[in-house]
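Secondary and tertiary structure notes
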Amino acid sequence: MLTWIRLSVITVFLFMSFTLEAAPEKVRVIRVIDGDTIVVLSNNHPVKVRLKDIDAPEMGQPYGKKSKKALSKKIFKVWLDLDNKGKDHYGRTLGTLYRDGEDINLYMVKNGHAWVYRHYTNDSGYLKAEEIARLQRLGIWKLPKSQQTAPWEWRKHEKDRNK
């Protein structure tokens, strides 16, 4: 009986540890690097954050500066909630930003300022938002087709070109 109780208690604690998620952290944006990468103050320390699930045009790419400007206008020097999802392979914090409950990552896609980063997500809400932005010809989707190169394709082309 005692063993069964111990096993039950251990099972409950293990279940709780897997189901509890950390609460979003309050952060303030101190720098916008581009349309999907920022620096925030977290516990008085700068932390580079890569916005999860999206990929914005690079700064040398058509619409890159506009994407950065759109993100800056929405979040610069504003207190936000950061839902930390771990680290990417460059050591940056991966996260979703919220401003007064609004998903900023999704905002960037909805308004045509970023692509859904298909290599890392298949979130149907993000995919639907991108489809609608394309149909409404918002942001990057206003550009001629020849300039609507996904950032991951553009980076690959640039890397191959510079070999």
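The structure we're discussing is the one just above.
The text that follows walks through the structure, step by step, so that each part is easy to find. (Residues numbered from 1 in each chain as written. Predicted model: local features only at pLDDT ≥ 70, side-chain atom pairs only at ≥ 80, totals over all residues. Heavy atoms only, no water.)

For the rest of this paragraph, the subject is the pattern of salt bridges. The full count for this structure, using the stated rule, is twelve salt bridges. Note that D36 is salt-bridged to R50, the shortest N-O span being 3.5 Å. Here the residue D36 occupies a position in the loop between β1 (25-34) and β2 (37-42), and R50 occupies one in strand β3 (residues 45-51), the gap between them amounting to 14 residues. The pair formed by D36 and R50 is uniform in burial state, with each residue classed as buried. Across the pair R155 and E58 runs a salt bridge, and its minimum N-O distance is 2.6 Å. On the criterion of sequence distance, the pair formed by R155 in helix α5 (residues 151-161) and E58 in the loop between β4 (54-55) and α2 (64-75) is long-range, its members being 97 residues apart. Overall, R155 belongs to the partly exposed group, its relative accessible area being 27%. With relative accessibility at 19%, the residue E58 sits in the buried group. A cluster of three or more residues bridged by salt bridges with shared partners is formed by D36, R50, D55, E58 and R155. (Salt bridge = Lys/Arg side-chain N within 4 Å of Asp/Glu carboxyl O. Helix = DSSP H or I, 4+ residues; strand = E, 2+ residues; numbered from the N terminus. Buried < 20%, exposed > 50% of the residue type's maximum accessible area, 1.4 Å probe, protein only.)

Following the criterion strictly, the structure yields three aromatic pairs and no others. Plain terms: the ring middles of W115 and W141 are 5.3 Å apart, the flat faces sit at 70° to each other, and that makes the pair edge-to-face. Here W115 is found in strand β8 (residues 115-116), whereas its partner W141 is found in the loop between α4 (124-135) and α5, with 26 residues between them in sequence. Its relative accessible area of 3% is what places W115 among the buried residues. On the basis of an interplanar angle of 15° and a centroid distance of 5.6 Å, the ring pair of Y117 and W152 is categorised as stacked. Note that Y117 is positioned in the loop between β8 and α4 and W152 in helix α5, a separation of 35 residues in sequence. We classify Y117 as buried; its relative accessible area is 13%. For W152, a relative accessible area of 18% translates into the label buried. Ring-pair connections join several aromatic residues into one group, and the members of that group are Y117, Y120 and W152. Residue placement shows K74 over the ring face of Y107; its charged tip is 4.5 Å from the ring centre. (Phe/Tyr/Trp six-rings, centres within 6.5 Å; stacked < 30°, edge-to-face > 60°. Lys NZ or Arg CZ within 6 Å of the ring centre and 35° of its normal.)

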